[in-house]
Amino acid sequence: MFYHNIKAFLSQERPLIKVDRAFQRKSCWTLAQKRRYVVSFLNNRTPYPVVLADIRTGLMHSRAIQSSEDIIKYEELANEGKSYVSLDGQNRIMTLEEFYNNEWGITGDLMGADGVIYPVKDVLYKDLPTRLKDAFDMLRVSVYVQQNCLYSELHTIFIDINDGEGLNPQEKRNAIMTWFSGHIRNFAETQNNERLLLRISGMKEQDIKRSTDAEWYTKAYASLVKPDRHYLNRSGLDAFYRQGEGRQQTSIKDYSRQNVDRFQKVIEMVYDAVFSRSVAGTPISQKLFWALLIAASDVYDTGRRITDYSIFFDAVKDADSSLCIDSNDNFVKDFKNWQQNPNGKSEPKKSQYYFHWASDVNKPPVRQKRKKELLLKLQNSSSYQDSFKVQAQAAK
């Protein structure tokens, strides 16, 4: 365990640390959490060390056992001028950096280096009273460096360190060393794809900071690639990631370039549809997102081209809403008829009706039933056909 003066650590050691998003979770603290941490840091109430993996000894160990993939990875980082890989403490380091860089202020009755209590309210570091600033500058950060680690072991070490500190299932999947984990994380974090998720009802920025974006898009991807597999529940998602662990993208059919390109084009269609019609600030329902995904994938697979996305959006929304309303009415009617005259008939179940299928995306048979009914409804919709009309006229 080493102790570093905080300002020296941030200016001298921090630039040498690699934060590898292949297994590190996003910075997910709220501003209120960051402010509380800085006050606790001043009061010496933050006992947890920053944990790093040493690149030099890791590279030596990799060479000693002739682990080529680990050697390549460590040599890349060494060539970038890095000395360590972050394993734990990312939120703490970033919070301290932001505070010392005057990105936000703190509030409280805080003790300076002279023992005097200084009341401050939303004051930046640079504007703190001199002796209170001195108290911050005297603080030390504890750093624990793990040596002789293979790079391929770091994701497991990261999960072990954080296992008792609230890593959610998707943050653990992000740490699995597979091509897909990096790809879907980068896909989810592009501006348009993040913007699309934030338009969905119930989706918040804090959810995205905890990797809900990667989980959401993984579910959408898996539902298109393997519609008949139970990939959308927790164990299924884990399996979808782990099938590529330690393997190349080209060796996994689910990760093929064809599947990746198809998914990207389908999401682009969903995005264009949502933002052609959805008024700024007005969310779409989660079930409508999945309906649009079904319709857009069918458009892609049948080689058609949407020429009016606003008509497409309205047609899908109306069809899905109509199916939900009609099926709910049918359920109520069927249930009343059954109550009045059972005569050995089976009791109607909600799971037999479209409105229930629209609320359950995790089960493959349910998704397939919904897809069949929705596409049939759309095929018989003149407004839906109008969304392709210009192309049809041009072809004549």
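Look up: the structure comes first, before these words.
Notes on the structure follow.

What counts, and at which threshold
- Residues numbered from 1 in each chain as written.
- Predicted model: local features only at pLDDT ≥ 70, side-chain atom pairs only at ≥ 80, totals over all residues.
- Heavy atoms only, no water.
- Pairing = 2+ DSSP bridges.
- Helix = DSSP H or I, 4+ residues; strand = E, 2+ residues; numbered from the N terminus.
- Contact = heavy atoms within 4.5 Å.
- Axes fitted to C-alpha atoms, helices over the stretch in contact; angles between N-to-C directions.
- Core = buried A, V, L, I, M, F, W, Y, C linked by side-chain atoms within 4.5 Å.
- Buried < 20%, exposed > 50% of the residue type's maximum accessible area, 1.4 Å probe, protein only.
- Parallel < 35°, antiparallel > 145°, perpendicular 65-115°, else oblique.
- Left-handed = near helix turned anticlockwise from the far one by under 90°.
- Nonpolar A, V, L, I, M, F, W, Y, C, P; charged D, E, K, R; others polar.
- Salt bridge = Lys/Arg side-chain N within 4 Å of Asp/Glu carboxyl O.

### What to know about the sheet that holds strand β7 (residues 140-146)
Link 1 in the chain: With mixed pairing, the 5 strands of this open sheet are ordered in space as β1-β7-β3-β4-β2. The open sheet is flanked by β1 (2-5) and β2 (17-18), the only strands paired with a single partner.
Link 2 in the chain: Against the sheet, helix α3 (residues 55-64) contacts β3 (50-54) and β4 (84-88), and its axis sits at roughly 40° relative to β3.

### Quick look at the pairing of strand β6 (residues 117-123)
Link 1 in the chain: Two elements, strand β5 (residues 106-111) and β6, share 5 bridges in a ladder whose sense is antiparallel. Looking across to β6, one finds that methionine 111 is bridged to isoleucine 117.
Link 2 in the chain: In sequence, β5 turns back onto β6 through a hairpin of 5 residues, with glycine 115 there showing a positive phi of about 85°.

### As for the nonpolar core
Link 1 in the chain: Core analysis: the largest hydrophobic core is formed by 65 residues, its most contacted members being Tyr217, Phe263, Phe289, Leu292, Phe312 and Val316.
Link 2 in the chain: The element best represented in this core is helix α15 (residues 286-301), accounting for 10 residues.
Link 3 in the chain: When near neighbours in sequence (up to four residues on either side) are disregarded, phenylalanine 312 contacts Ala273, Leu292, Ala295, Ala296, Val299, Ile306, Tyr384 and Ser387.
Link 4 in the chain: Core analysis: the second largest hydrophobic core is formed by 31 residues, Tyr37, Val50, Val123 and Ala135 among them.

### Overview of the packing of helix α10 (residues 191-198) against helix α14 (residues 257-277)
Link 1 in the chain: Where α10 meets α14, the closest approach of the two axes is 10 Å, and the angle between their N-to-C directions is 55°. If you check the angle between α10 and α14, you find them oblique. In this structure, the crossing between α10 and α14 has a hand that is left-handed. Contacts between α10 and α14 involve Asn192, Asn193, Arg195 and Leu196 on the former and, on the latter, Ile267, Val270, Tyr271, Val274 and Phe275.
Link 2 in the chain: Looking at side-chain class alone, the contact of α10 with α14 contains 6 nonpolar, 2 polar and 1 charged residues.

### Focus: the pattern of salt bridges
Link 1 in the chain: Summed over the entire model, instances satisfying the criterion amount to 21 salt bridges.
Link 2 in the chain: Salt-bridge contacts for glutamate 171 lead to arginine 210; the nearest nitrogen and oxygen are separated by 2.6 Å. Taken together, the residues glutamate 171 in helix α8 (residues 169-174) and arginine 210 in the loop between α11 (205-209) and α12 (212-225) connect sequence positions 39 residues apart.
Link 3 in the chain: Relative accessible area serves as the criterion here: at 1%, glutamate 171 is assigned to the buried category.
Link 4 in the chain: Of the charged contacts in the structure, one is a salt bridge between lysine 287 and aspartate 320, with a shortest N-O distance of 2.9 Å. Residue lysine 287 is located in helix α15, and its partner aspartate 320 is located in helix α16 (residues 309-340); the two are separated by 33 residues in the primary sequence.
Link 5 in the chain: Assessed through its relative accessible area of 31%, lysine 287 is described here as partly exposed.
Link 6 in the chain: Three or more residues are tied together by salt bridges with common partners; here these are Arg173, Glu215 and Asp238.

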